[in-house]
Amino acid sequence: MDYKNLLVLIINDMVIFPNNEVRLEYDNTYDRQIIDIVDKINDGYMLIVNPIDENSDIDITSLPNYGILGRIKLKINVPNGKTRVVIEGIARVELSNYVSDDKLYRANCKEVEIEDISDEENYINVLIKALNRYIDKVPHMGNAIMSQLSLIDNLNDLCDLIASFLTIDYKRKKKYITIVNPIERCKALIEDMNEDLKFVELEQKIESEVEKELSEAQKEYFLREKIKAMQKELGEVNSKDDEVIKLKKKCSKLKCSSKVKERIIHEIARYEAINSNSPELGIIRDYLDWLINLPWNNYTKDNDDLVKVKSILDSSHYALEDVKERIIEYLAVKQNTNSLRSPILCLVGPPGVGKTSLAISIAKSLNRKVAKISVGGINDEAEIIGHRRTYVGANPGRIIQGIRKAGTTNPVFIIDEIDKMTKDIKGDPASSLLEVLDPEQNSKFSDHYIEEEFDLSKVLFIATANYIEQIPYELKDRLEIINLSSYTEYEKLDIAKCHLIPKELEEHGLTPLQVHIEDSAIMTIIRNYTKEAGVRELERVIATLFRKIVKNILLEKDCSFYNIDEGKLEEFLGKKKYLYLENNNQDEIGVVNGMAYTIFGGDILSIEATLYKGKGELILTGSLGDVMQESCRIALSYIKANVEEFNIDPKLLEENDIHIHIPEGAVNKDGPSAGVTITTALISLLTNKKVNKNISMTGEITLQGRVLAIGGLKEKVIGAHRANVKKIFIPKENEKDLDEILDDVKKEIKFIFVNNYKEIYKELFK
Ligand code: ADP
């Protein structure tokens with residue numbers, strides 16, 4: 001097997017033996033170049049050599065006379081830019097005529113011939129015995145080689161096999177390539193193995209002596225020191241140690257169940273043992289951080305003084321008696337029964353009516369910490385109950401995050417926007433929330449990330465929502481719903497005077513001796529600078545006003561007292577932003593006032609109807625929702641069925657098209673409560689009779705003319721009152737809701753309760 005001018009692959013850290021395969025990976029372009037050429041030109045054949053002196057620069061003199069003829073068995077370019085090859089050693093060869101051309105070396109080669117060996121059998125036996133002893137004594141030495149021994153019948157191959165198998169260093173290993181004579185190689189191998197054995201025996205002897213003297217603790221210390229020494233040797237910086245000490249200290253002080261403590265101790269041990277470069281290190285560290293910093297058993301003591309609780313709630317929030325009452329009841333029952341089971345309150349109402357701020361005041365009055373999360377827009381249940389730790393970037397859910405922030409086991413936990421969760425393929429967050437809120441289950445709440453059970457039963461949950469209908473059904477069932485409705489202008493005036501103005505004065509460093517806002521000015525702010533159900537915008541406008549006053553006081557220094565009346569508002573706040581529908585137009589045929597409930601509170605809503613020559617079609621415009629369109633059709637059918645009673649000429653309906661329009665089209669309008677108003681507008685149109693602008697009405701209508709109950713009466717009445725309405729028709733079923741309406745308003749408006757539309761007809765058209 002002679003070859004001429006073969007390329008030489010120089011390897012300086014490992015040895016390839018005949019009948020042996022190695023896998024190599026290259027990103028180095030020089031070696032890769034050789035591999036590529038060999039693979040393409042020489043049918044994969046090449047010469048593999050280990051330089052004589054591994055530390056000196058490579059030139060022809062540093063290359064040995066003996067090497068291995070090898071062949072590329074497999075070559076793959078892997079995606080990370082490297083090339084992976086499997087090289088097979090074929091035979092030991094003698095090299096000659098090295099030439100170098102542009103850093104690539106070439107040489108001729110001739111296979112080394114092995115002469116017959118007398119007593120070959122004996123040598124083989126002695127070598128195998130030595131090998132057996134070696135495998136027996138040296139720790140971690142596998143015996144996979146044994147099965148291959150039976151396939152070999154000559155000393156030369158046996159020596160190469162054993163040499164490739166031994167875990168000795170590179171320098172010692174590479175000499176076996178150049179010891180050509182098998183007997184010499186056999187002797188060198190036995191010597192090397194015996195040498196190693198002596199070392200192992202010595203080490204074992206020392207360790208067994210040391211072991212006898214060491215107690216368990218000392219042994220652990222010894223082993224840790226050994227790990228540290230090794231890590232130092234490997235260049236791993238060990239900042240973990242200090243951290244472990246700190247973690248252990250924190251763990252010993254932690255008030256938690258023994259199960260949790262065991263878990264923490266276990267995790268600290270894992271953390272300690274894991275290699276500093278392991279990607280798992282950070283994961284364990286984060287997990288420990290959560291376990292150690294959760295308030296497992298850290299309670300605040302409730303303020304049980306009911307009178308004090310009431311006075312704190314009253315001082316922070318005007319009205320809202322239902323909620324305040326409920327909190328006092330909760331405390332009373334708790335004291336009386338010693339039961340700690342908390343109610344799950346849900347405050348429902350339009351934005352800015354004080355849901356969140358009241359919940360915060362409740363916490364303050366009870367002397368509890370606050371946790372607050374918003375679940376609006378959540379569509380993934382892991383947001384509530386956490387991700388499993390195997391998930392990349394895993395975190396606990398928002399409940400546990402809130403508890404950690406609050407720092408106690410019994411905070412007031414505010415869950416905002418419970419009506420805005422969505423359900424999709426990622427799961428149903430509402431049912432996870434149910435698990436959190438359900439007192440039967442939540443004493444053993446288990447977050448997927450934390451894994452250990454956490455007791456949520458002492459938490460006072462307060463949820464908030466804007467629309468009761470949108471709260472997921474299964475949750476609504478467990479909640480104690482408390483409605484907070486919009487404020488009337490008078491209520492807003494009181495809130496401004498008693499709460500918002502004093503609060504904002506203080507925040508702006510002002511005193512009542514410097515600024516006074518007249519009631520009429522506050523009312524104008526409420527009417528023309530804000531449009532809302534609550535008082536959030538009002539609070540902002542008052543803050544803007546004070547900001548400008550502070551600036552004036554500091555810049556101009558010429559005025560020490562500001563009395564803000566209606567006239568001054570424009571100077572500070574600019575032009576009025578909202579002008580309510582002026583309700584002083586002429587009465588018209590086919591135009592009637594309805595009443596609407598929007599997120600800004602209530603307003604009146606003018607419904608118009610007209611007719612022109614056509615074929616009896618119905619045309620609807622003005623951003624009407626599906627339900628409202630149905631109301632229009634029901635109204636028309638009801639009228640068609642009762643033309644005689646309403647004195648309408650049926651031909652009018654057959655020969656004309658009817659158009660119903662609801663102006664102020666920017667707002668989507670829906671809901672059935674405009675039914676009676678649409679009916680009235682149509683009758684007015686078809687009978688040519690005007691309806692007074694001081695009248696408005698609300699109620700759902702059925703095909704039989706029955707008038708059904710509606711929602712949001714309070715807001716609607718507030719809106720109508722503002723628009724100067726003097727008479728309102730409302731469904732009889734809503735009579736009870738009139739309790740919510742202030743006496744001042746009731747004095748100025750006449751309410752007529754109806755069961756059937758005919759009663760309205762009688763009042764207006766007869
Ligand atoms: P919501 O959570 O209902 O949207 P917030 O609790 O955020 O409303 O309230 C907005 C602002 O209005 C807060 O500054 C709050 O103090 C104030 N506020 C609301 N209702 C009242 C009230 N009844 N008495 C005093 N201040 C109130």
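Residues numbered from 1 in each chain as written. Predicted model: local features only at pLDDT ≥ 70, side-chain atom pairs only at ≥ 80, totals over all residues. Heavy atoms only, no water.

Points about the site of the ligand
Around the ligand, the surrounding shell holds 18 residues, and the nearest of these are Lys355, Thr356, Ser357, Arg536 and Glu539. Taking Arg536, its side chain carries an N or O atom lying 2.4 Å from an oxygen atom of the ligand. Between the ligand and Glu539 there is a distance of 2.5 Å, counted from an oxygen atom to a side-chain nitrogen or oxygen. Those elements that place two or more of their residues in the shell around the ligand are α13 (355-366), α18 (489-507) and α20 (536-556). Split by residue class, the shell around the ligand holds 7 nonpolar, 7 polar and 4 charged. (Near = heavy atom within 4 Å. Polar contact = N/O pair within 3.5 Å; in protein donor to acceptor, adjacent residues only side chain to side chain. Helix = DSSP H or I, 4+ residues; strand = E, 2+ residues; numbered from the N terminus. Nonpolar A, V, L, I, M, F, W, Y, C, P; charged D, E, K, R; others polar.)

A few points about the pattern of salt bridges
Summed over all chains, the structure comprises 43 salt bridges. Of the charged contacts, one joins Arg722 and Glu489 as a salt bridge, the two residues approaching to 3.6 Å between their closest N and O atoms. Here Glu489 lies in helix α18 and Arg722 lies in helix α25 (residues 713-722), a separation of 233 residues in the sequence. On the accessibility criterion, Glu489 (5% relative accessible area) is buried. For the salt bridge of Lys758 with Glu645, the shortest nitrogen-to-oxygen distance reads 3.5 Å. With Lys758 in helix α27 (residues 757-765) and Glu645 in the loop between α22 (626-641) and α23 (650-655), this pair connects stretches of sequence that are 113 residues apart. Relative accessible area serves as the criterion here: at 26%, Lys758 is assigned to the partly exposed category. (Salt bridge = Lys/Arg side-chain N within 4 Å of Asp/Glu carboxyl O. Buried < 20%, exposed > 50% of the residue type's maximum accessible area, 1.4 Å probe, protein only.)

Overview of the environment of Leu437
Among the structural elements, Leu437 can be located in helix α16 (residues 429-437). C-alpha separation for the pair Leu437 and Arg478, spaced 41 residues apart in sequence, amounts to 8.0 Å. Those residues within four positions of Leu437 in sequence are excluded, and the remaining contacts are Ile344, Ile415, Asn442, Phe461, Leu475 and Leu479. (Contact = heavy atoms within 4.5 Å.)

A few points about the nonpolar core
Ranked by internal contacts, the top residues of the largest apolar core, which has 54 residues, are Ile418 and Leu433. Sorting elements by how many residues they give to this core places helix α10 (residues 280-293) first, with 7 residues. Non-local contacts of Leu433, meaning those with residues more than four positions away in its chain, are made with Ile384, Ile399, Ile415, Ile418, Met421 and Leu475. (Core = buried A, V, L, I, M, F, W, Y, C linked by side-chain atoms within 4.5 Å.)

Re helix α9 (residues 258-273)
Spanning 16 residues, α9 covers 23 Å between terminal C-alpha atoms, matching the ideal 22 Å at 1.5 Å per step. Buried residues of α9: Val260, Arg263, Ile264, Glu267, Ile268 and Tyr271, and no others. Looking straight down α9, one finds its buried side chains confined to an arc of 135°; they lie on one side. Away from the buried face of α9 by more than 90 degrees, exposed residues Ser258, Lys259, Glu262 and Ala273 are located. Of the surrounding secondary structure, the elements contacted by the buried residues of α9 are α8 (240-253) and α10. (Expected span 1.5 Å × (residues − 1). Arc of directions from axis to C-beta.)

Some words on the domain arrangement of the chain
Segmentation of the chain into domains returns domain 1 (2-111), domain 2 (240-293), domain 3 (306-483), domain 4 (489-573) and domain 5 (588-765). Computed from C-alpha atoms alone, the centre-to-centre distance between domain 1 and domain 5 is 96 Å. (Domains from an automatic or database assignment.)

A look at the pairing of strand β6 (residues 104-111)
Among the 8 residues that make up β6, 6 are buried, leaving the element largely enclosed by the rest of the structure. Summarising the sheet, strand β1 (residues 2-10) and β6 pair through 4 bridges and their orientation is antiparallel. Note on β6: the bridge partner recorded for Tyr3 is Cys109. For strand β5 (residues 83-101) and β6, the ladder comprises 7 bridges, and the chain directions are antiparallel. Paired with Ser96 across the two strands is Asn108, which belongs to β6. Counting the residues in the hairpin turn of β5 and β6 gives 2 residues, including Asp102, whose phi is positive at 45°. (Pairing = 2+ DSSP bridges.)

So, the packing of helix α11 (residues 306-316) against α13
One way to put it is that α11 packs onto α13 with a least axis distance of 9 Å and a crossing angle of 150°. Here α13 runs roughly antiparallel to α11, going by the angle between their axes. Viewed along their axes, α11 and α13 form a crossing whose handedness is right-handed. Two secondary-structure elements touch here, α11 through Val309, Ile312, Leu313 and Ser316 and α13 through Leu358, Ser361, Ile362, Ser365 and Leu366. (Axes fitted to C-alpha atoms, helices over the stretch in contact; angles between N-to-C directions. Parallel < 35°, antiparallel > 145°, perpendicular 65-115°, else oblique. Left-handed = near helix turned anticlockwise from the far one by under 90°.)

Thoughts on the sheet that holds strand β8 (residues 370-374)
The strand order β8-β9-β12-β7-β13 describes an open sheet built from 5 strands, whose pairing is parallel. Either end of the sheet is taken by a strand with one partner, and the two such strands are β8 and β13 (480-483). Geometrically, the sheet is characterised by an average inter-axis angle of 20° between neighbouring strands, direction not taken into account. In this sheet, strand β12 (residues 460-465) lies alongside strand β7 (residues 345-348) in parallel orientation, the contact comprising 4 bridges. Bridge pairing in β12 links Cys346 to Ala463. Most of the contacts of helix α12 (residues 321-337) go to β13, to which it runs at about 145°, and overall it touches β7, β12 and β13. Lying over the sheet, helix α15 (residues 398-406) contacts β8 and β9 (412-416), oriented at roughly 150° with respect to β8.

Some details on the state of the cysteines
Inspection of the entire model under this criterion finds 0 disulfides. Counting only cysteine sulfurs, Cys186 is the nearest neighbor of Cys159, a cysteine outside any disulfide, at a range of 4.9 Å. We classify Cys159 as buried; its relative accessible area is 0%. (Disulfide = S-S within 2.5 Å.)

A short note on unusual backbone geometry
Among all residues save glycine, negative phi is the norm, and among peptide bonds the norm is trans. A positive phi is found at Asn5, a non-glycine position, where the angle reads about 55°. For Glu417, which is not a glycine, the phi torsion comes out positive at approximately 55°. On the secondary structure map, Glu417 appears in the loop between β9 and α16. When its relative accessible area of 32% is taken as the criterion, Glu417 is described as partly exposed.

Some words on the side chain of Glu532
Structurally, Glu532 is set in the loop between α19 (519-529) and α20. The charged side chain of Glu532 is buried without a salt bridge, its nearest counter-charge being Lys492 at 5.2 Å. A polar side-chain atom of Glu532 sits 2.7 Å from the main-chain amide nitrogen of Glu537. Those residues in contact with Glu532 that lie beyond four places of it in its chain are Lys492, Glu537, Leu538 and Phe600. (Lys, Arg positive; Asp, Glu negative; His and termini not counted.)

Some thoughts on a negative patch on the surface
Where like charges cluster on the molecular surface, the negative patch consists of Asp2, Glu111, Glu113, Glu115 and Asp116. When you line up the elements, Asp2 lands in strand β1. Taking relative accessible area as the criterion, Asp2 reaches 55% and is therefore assigned exposed. (Patch = residues over 30% accessible without salt bridge, like charges linked within 9 Å, V, L, I, M, F, W, Y side chains within 5 Å. Areas by Shrake-Rupley, 256 points an atom, 1.4 Å probe, with all protein chains shown as cover. Charge placed at Lys NZ, Arg CZ, Asp CG, Glu CD.)

Considering the packing of aromatic side chains
Scanning all chains against the criterion turns up 10 aromatic pairs. When the ring of Phe646 is compared with that of Tyr761, the centres are 4.6 Å apart and the planes differ by 50°; the resulting orientation is tilted. With Phe646 in the loop between α22 and α23 and Tyr761 in helix α27, this pair connects stretches of sequence that are 115 residues apart. Accessibility expressed as a relative area gives 5% for Tyr761, which makes it buried. When the ring of Tyr761 is compared with that of Phe765, the centres are 5.5 Å apart and the planes differ by 35°; the resulting orientation is tilted. In this pair, Tyr761 and Phe765 are both assigned in helix α27, 4 residues apart and thus about one turn of the helix distant. We note that Tyr761, like Phe765, is buried. Chaining the aromatic ring pairs together yields one cluster made of Tyr638, Phe646, Tyr757, Tyr761 and Phe765. The residue whose ring lies beneath Arg389 is Tyr287, and the NZ or CZ to ring-centre distance is 3.6 Å. (Phe/Tyr/Trp six-rings, centres within 6.5 Å; stacked < 30°, edge-to-face > 60°. Lys NZ or Arg CZ within 6 Å of the ring centre and 35° of its normal.)

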